[in-house]
Amino acid sequence: MSLIQLSTHLWVLEDTCNVYVLKSGEQCLLIDAGSGAVVQRLTDIAIERVDWVLHTHHHRDQCWGTLVLQRAGAKVAVPEYEQHLFADIEAYWQTRRIYDNYNDTNTFFALSENVSVDAVLEDYSTFTWKEYEFRIIPAKGHTYGMVSLIAYVDGKKVAFTGDLMSRGGKLYQLHAMEFGYGDLLGVEFTMQSILALKKENVETAYPSHGAPITEVKADISALESRLEAVASLGGNRTSGKAGDGRGEAKLLRESRLQRITEHLLWAGPYTCSNFYIVLSGHGHAMLIDYGLASEGHLHVAPDHGSMQALRFVEHHLDQLRDDYGVRDIELVVPTHVHDDHVCGIPHLQQHFNTQCWALDCVAQVIADPAAWASTPCCYDKAIKVQRILRDGEAFHWRGFDFEIHYAPGQTEYHSAIVGNIDGKRILFSGDNLFLFNPQAGGIERDIAIQTTVMRNSFQLEMHRRCASVMSALTPDLICPGHGELIAMDQSRTAEYTDYIERKEKILRDLVGEPADHFIDLFWARMLPYVSTARPNDEVKYTIKIRNNLERTATYSARLLPLSGWTPCEAESVTLRRGERGELLLRAIAPSEAALRRRLVTAEVSIDNVSQGPICEALVSVVPH
């Protein structure tokens, strides 16, 4: 193997993958590492040291020689959503499911030994080395976390694209398109990634395998057609919404924004979670929710186990700019805390200086997700909330009047937002009300129902509250968090209320009384759920208590001894029926760091009767 010069300061070594060498003086930066054999060739081009290795993805053929380069002094940067497959791969292999496995994501093609990581390549950020600046864009498809690196090299705009595509408009490997058993979700992800690459207008794309791609736009167009042909076959689940009655090929591309009214848009029921855009008419926009581009990105199938965090990919913002003249995405208001509705908000804040306003209970969770991570579907990135709204508060945005109301339905941390837009009273309901045909009990038509998720802190009063809010607000139209728009009238509202009443009766009959004591999973919750401490730190935990009993009761709690930890005394509080309270518990961390997570538990007693260690939290002790 010998180095091949591509331009004045750029070479490639055709190893188990293409290893690209970017030279600055007597130092170089590598794109991927292959076997590490490149280090033996660098003196041929007067390079004395490898400064950095940037990896496009985690597959072994890309990085099995990274440890060799690291031992020679190179620093390593890896994609944000694959850092665990470098830094903690040995632990991954201990827990990776082998038998009865339906997770076909090709994380089996990962390393065997941990590689320490010096920097993380975050989506939509930049990495600067010497005179070069790399812009990082998602290249999801061949792997979950793969990235493309865009840079100017020797006066040309180029892209290092990993295994996103090959010359001639081909995929490098078809099998990599399978994420869950029997799907080809990678087809949808690849389509999104190559279209994003197309917008970059690069002169040359340098793939991990094969020759440089010099006809970038033409090759991308050819691959678009080939991906559409696969989707047109049907039955291959090339999209997350495949099988819902829409042609698979139509679901590969970003849906077109549609007008609901003159000043209100949506993307149709094609994104994973519906989001809505209120237009000022003068270049400003307010969003209600902004989450995942498509349902496939949620990964609720068995392949979910390979991912450490949900990955957001930008969508529909070019349409807002180009088709509707939006130059300022000024505000976003989330309906509730779930990741599929809020994961795009940090992106808006970082790149568009968008403000976030939220109901108080929603704000506390999205601003500190680690503390509340016992709640399902918490997005891992904290969201800065510039204005905290209260239940029933009115707010105004560029000529439009809104109210926000506490509506704890599918989750305890949920709001409903009602606005008067173009003569219609429109309610943004999040994940509460949907249409469903039960095909039972004499009902053979779509009716308005309320969804239930037990781990979302479900209590019976939550749904009664939603019915009350819905009846009081009298909307003309509901813009739900998923599915089609719902026209509302008094009969449909009554139908919704009736469903909630019938549901409560049936659920009460399933358990003993008081029902909420046996329904409410989080009558005792421990915060923060995920935290770090330093050696010998005092660590504080809050136990939030709800008294669901039909009487006054005294609740007490104590931290159970954990090896190396010193728990402090127990605490107690007396609560009347329906009252809420808090207990503050303390412990002293061990004197030595231990980076692995430890489970801390708290025993809770009611009137001196132990309920066992029902509360838990995770903590890591990190070095000073």
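Just above sits the structure.
Overview of the structure. (Residues numbered from 1 in each chain as written. Predicted model: local features only at pLDDT ≥ 70, side-chain atom pairs only at ≥ 80, totals over all residues. Heavy atoms only, no water.)

## With respect to the overall build of the chain
Looking only at helices and strands, the chain has 13 helices and 37 strands in total. Relative to a compact globule of 624 residues, whose C-alpha radius of gyration would be 25 Å, the chain shows 27 Å and is just as compact. Counting only C-alpha atoms, the chain reaches 80 × 60 × 45 Å along its principal axes. Evaluated residue by residue, the chain yields a buried proportion of 57% over its 624 residues. Here the analysis covers contacts within the chain between residues at least 6 apart in sequence; of these, 63% occur between residues at least 24 apart. Total accessible area on the chain is roughly 26100 Å²; 49% of this is exposed by carbon and sulfur atoms. Side chains of the chain give 59 positive and 81 negative charges; the mean places of these two sets differ by 1 Å. (Helix = DSSP H or I, 4+ residues; strand = E, 2+ residues; numbered from the N terminus. Rg over C-alpha atoms; globule rule 2.2 N^0.38 Å. Buried < 20%, exposed > 50% of the residue type's maximum accessible area, 1.4 Å probe, protein only. Contact = heavy atoms within 4.5 Å. Areas by Shrake-Rupley, 256 points an atom, 1.4 Å probe, with all protein chains shown as cover. Lys, Arg positive; Asp, Glu negative; His and termini not counted. Charge placed at Lys NZ, Arg CZ, Asp CG, Glu CD.)

## Here's the deal with the packing of helix H11 (residues 460-473) against helix H12 (residues 490-510)
Running from amino to carboxyl end, H11 crosses H12 at an angle of 170°, the nearest separation of the two axes being 10 Å. With respect to H12, the element H11 is oriented roughly antiparallel. The residues of H12 that touch H11, namely those facing Leu-460, His-463, Arg-464, Cys-466, Ala-467, Met-470 and Ser-471, are Thr-493, Tyr-496, Thr-497, Ile-500, Lys-503, Glu-504, Leu-507 and Arg-508. Split into classes, the residues belonging to the contact of H11 with H12 amount to seven nonpolar, four polar and four charged. (Axes fitted to C-alpha atoms, helices over the stretch in contact; angles between N-to-C directions. Parallel < 35°, antiparallel > 145°, perpendicular 65-115°, else oblique. Nonpolar A, V, L, I, M, F, W, Y, C, P; charged D, E, K, R; others polar.)

## Looking at the nonpolar core
If you look at soluble globular proteins, the nonpolar side chains tend to sit buried side by side. Membership of the largest hydrophobic core comes to 68 residues, with the highest contact counts inside it found for Phe-402 and Phe-428. A per-element tally of this core places helix H10 (residues 360-367) first, with five residues. The contact partners of Phe-402, leaving out residues within four places of it in the chain, are Val-278, Met-286, Glu-393, Ala-394, Phe-395, Trp-397, Ile-417, Val-418, Gly-419, Ile-421 and Phe-428. Counting residues in each nonpolar core, the second largest holds 29 residues, with Val-539, Tyr-541, Tyr-555 and Leu-585 among its members. (Core = buried A, V, L, I, M, F, W, Y, C linked by side-chain atoms within 4.5 Å.)

## Topic: the pattern of salt bridges
Scanning the entire structure with this criterion turns up 33 salt bridges. For Glu-504, the salt bridge identified is with Arg-508, shortest N-O distance 3.0 Å. Taken together, the residues span about one helical turn, with Glu-504 and Arg-508 both in helix H12 at a distance of four residues. Residue classification places Glu-504 among the buried residues on the basis of a relative accessible area of 13%. Put simply, Glu-579 and Arg-576 hold a salt bridge, and the shortest N to O gap is 3.8 Å. Beyond isolated ion pairs, a larger network of salt bridges with shared partners links Glu-412, Glu-461, Asp-520, Arg-546 and Arg-580. (Salt bridge = Lys/Arg side-chain N within 4 Å of Asp/Glu carboxyl O.)

## Focus: the sheet that holds strand E16 (residues 284-288)
Pairing is mixed across the open sheet formed by seven strands, whose spatial order is E13-E14-E15-E16-E17-E18-E19. Unpaired on one side and paired on the other, strand E13 (258-261) and strand E19 (387-389) mark the two borders of the sheet. Neighbour-to-neighbour, the strand axes of this sheet turn through a mean angle of 25°, independent of strand direction. As paired strands, strand E14 (residues 264-266) and strand E15 (residues 276-279) are joined by three bridges and run antiparallel to one another. Looking at the pairing, Trp-266 lines up with Tyr-276 of E15. Most of the contacts of helix H9 (residues 345-352) go to strand E17 (residues 328-333), to which it runs at about 150°, and overall it touches E16, E17 and strand E18 (355-359). (Pairing = 2+ DSSP bridges.)

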